[in-house]
Amino acid sequence: MAAIARFHILQQSSSVLKPSAISSRFPHQSSSRPFYCNPNFFRNNNHPRKLHLTPSLGANSSSTPENSSPITSSSSIVGDLLDYLNESWTQFHATAEAKRQLIDAGFHLLSENDEWDLKPGGRYFFTRNMSCLVAFSIGEKYSVGNGFHVIAAHTDSPCLKLKPKSALSKSNYLMVNVQTYGGGLWHTWFDRDLSVAGRVILRNSDGSFLHKLVKVKRPLLRVPTLAIHLDRNVNKDGFKPNLETHLNPLLATRHDDSSVDSKDKNNKDYHHPLLMQILSEELGCEIDEIASIELNICDTQPSCLGGANNEFIFSGRLDNLASSFCALRALVDSSTPVDLSDEHTIRMVALFDNEEVGSDSVQGAGAPTMFQAMRRITDCLCCNQYLNEGVFERAIRQSFLVQFGEVVEVVEFVAVSADMAHGVHPNFVEKHEENHRPELHKGLVIKHNANQRYATSGITAFLFKEVARIHNLPTQDFVVRNDMGCGSTIGPILASGIGIRTVDCGIPQLSMHSVREICGKEDVDIAYNHFKAFYQTFSSVDKKLNVD
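Owing to the predicted nature of the structure, the values given are computational and were not obtained by experimental measurement. (Residues numbered from 1 in each chain as written. Predicted model: local features only at pLDDT ≥ 70, side-chain atom pairs only at ≥ 80, totals over all residues. Heavy atoms only, no water.)

A full pass over the atoms with the stated rule returns 10 aromatic pairs. On the numbers, 6.5 Å between centres and 70 degrees between planes, the contact of phenylalanine 464 with phenylalanine 534 is edge-to-face. Remark: phenylalanine 534 occurs in helix H13 (residues 521–542) and phenylalanine 464 occurs in helix H11 (residues 458–470); sequence separation between them is 70 residues. Considered together, phenylalanine 464 and phenylalanine 534 belong to a single accessibility category, that of buried residues. Connected via pairs of aromatic rings, a cluster forms that spans Trp116, Tyr124, Phe126 and Phe136. Just above the ring of tyrosine 181 sits the side chain of lysine 161; from NZ or CZ to the centre is 4.8 Å. (Phe/Tyr/Trp six-rings, centres within 6.5 Å; stacked < 30°, edge-to-face > 60°. Helix = DSSP H or I, 4+ residues; strand = E, 2+ residues; numbered from the N terminus. Buried < 20%, exposed > 50% of the residue type's maximum accessible area, 1.4 Å probe, protein only. Lys NZ or Arg CZ within 6 Å of the ring centre and 35° of its normal.)

Listed below in structure tokens is the structure:
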């Protein structure tokens, strides 16, 4: 979902690959891996993971909307999104990949522990816990007290996580003890080719420690379903697995522990030696060097295009890495020296962790991470300007936030994030309010709720739609049925926490919180272009409306 405030957060692109081009370029596919699973198919170069900057919009914050031309892009960002999804198995990998792309684009890495030296025209970012990231670019004409334009999203997705003591054995099988994270559709995790990814702490010989990410790409685990012959009523009564006893993945048949040499009794007791050996081989270290692990269970199937016309994206973690990537890419592509030369505001992206479980963590949207960064930015830039009363407070009042988050049941609180939205399901049309049924390929969905479960107001919805209207970009509206509970997002958390005008929005999708989700390829490009338009033209729209 997305929350829009004068903190701008946007991103998108719009080219579409025609089926005719596919068939002519690939008349026959002999490879076992379909071409549409390969992100390099979208490119004409040999650098699959290099960040490709799309052309500038040709309009900036000072230009009038009437003079703004429709936003078009010479190439789609879908291929780069597939790269990002396939690289980002966990929130840690998503943050690390975002960090790499920002550095490649010329952004400067900051540390929250150090003193900052910021200048107009500069581009900066920092990470927290390697699962939360805040990036921003400062307009050359920024004056203290001007606003922030922010897009917020989240890096985490529902998944299974290893318990602190994961070693489990049953009936001569080695199994992995897991806990559920977030509100996942857990039945979709059965009979999938799974593996592990996350981070480890390594103990160096000099007594220091090293933080490293790890990903075992080959299928390593599987949660098998029970044969129908042993559960004859499953199709009539429904599949209702016990999440404590039925969801533990198989690792191997019983292994002789004596074949694994480890002096670390804790790790040997806590986790299967066989698993630790696999991790050590992946990391290129000794088992005894692994001091701590934090691992997610991940689906190994690559993200790819699907559908008869390749119009869909089939992938895990679309909620919410699709929005995160669109926001990040929009900031990068709208922060060139030309873009910033006539900019009076600060453009920002905030990617948070733990949105799926309420955001109440040091790396979640419930922490004051973004607001502390805004205060530090304002204070730093004040050093070279005369400090007037209330500059930070005035900056907030002139700010705007685009918030992305999914709709969930009331029992699952969803916080600040550039997130996804529920597209109408063709087999369950009645689950949507009849006049508010978002469709795939029809643009970003603006979410409304009279009880403030979403932070969208009549004013923020109008401003966000006006940006889209100027650039000929489609938008849709969503409200939940009155006889159904409404989810929430981090939009209200951010809006109420500091008083930022906010809009909740999202890319429409199906199968939300499944191990394998689906969204429209065109919507990714539309979202990117809408976000980019937000950064570049929102100021000119906002100054034409005076409410108070």
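Taken together, the side chains of Ile459, Phe462, Leu545 and Val547 present a nonpolar region at the surface, about 330 Å² in accessible area. Mapped onto the fold, phenylalanine 462 is located in helix H11. By relative accessible area, which is 43% here, phenylalanine 462 ends up partly exposed. (Patch = residues over 30% accessible without salt bridge, like charges linked within 9 Å, V, L, I, M, F, W, Y side chains within 5 Å. Areas by Shrake-Rupley, 256 points an atom, 1.4 Å probe, with all protein chains shown as cover. Salt bridge = Lys/Arg side-chain N within 4 Å of Asp/Glu carboxyl O.)

The next subject is helix H7 (residues 318–333). Under the 1.5 Å per step criterion, the end-to-end length of H7 is 21 Å for 16 residues, consistent within 8% with the ideal 22 Å. By the criterion of burial, H7 is predominantly enclosed, with 16 of the 16 residues buried. (Expected span 1.5 Å × (residues − 1).)

Looking now at unusual backbone geometry. Cis geometry is found at the peptide bond from aspartate 319 to asparagine 320, where omega equals 15 degrees. Residue placement: asparagine 320 occurs in helix H7. Even without being a glycine, asparagine 310 presents a positive backbone phi close to 55 degrees. Mapped onto the elements, asparagine 310 comes out in the loop between strand S12 (304–306) and strand S13 (312–315). Overall, asparagine 310 belongs to the buried group, its relative accessible area being 7%. Within the chain, arginine 317 stands out as a residue other than glycine whose phi angle is a positive 65 degrees.

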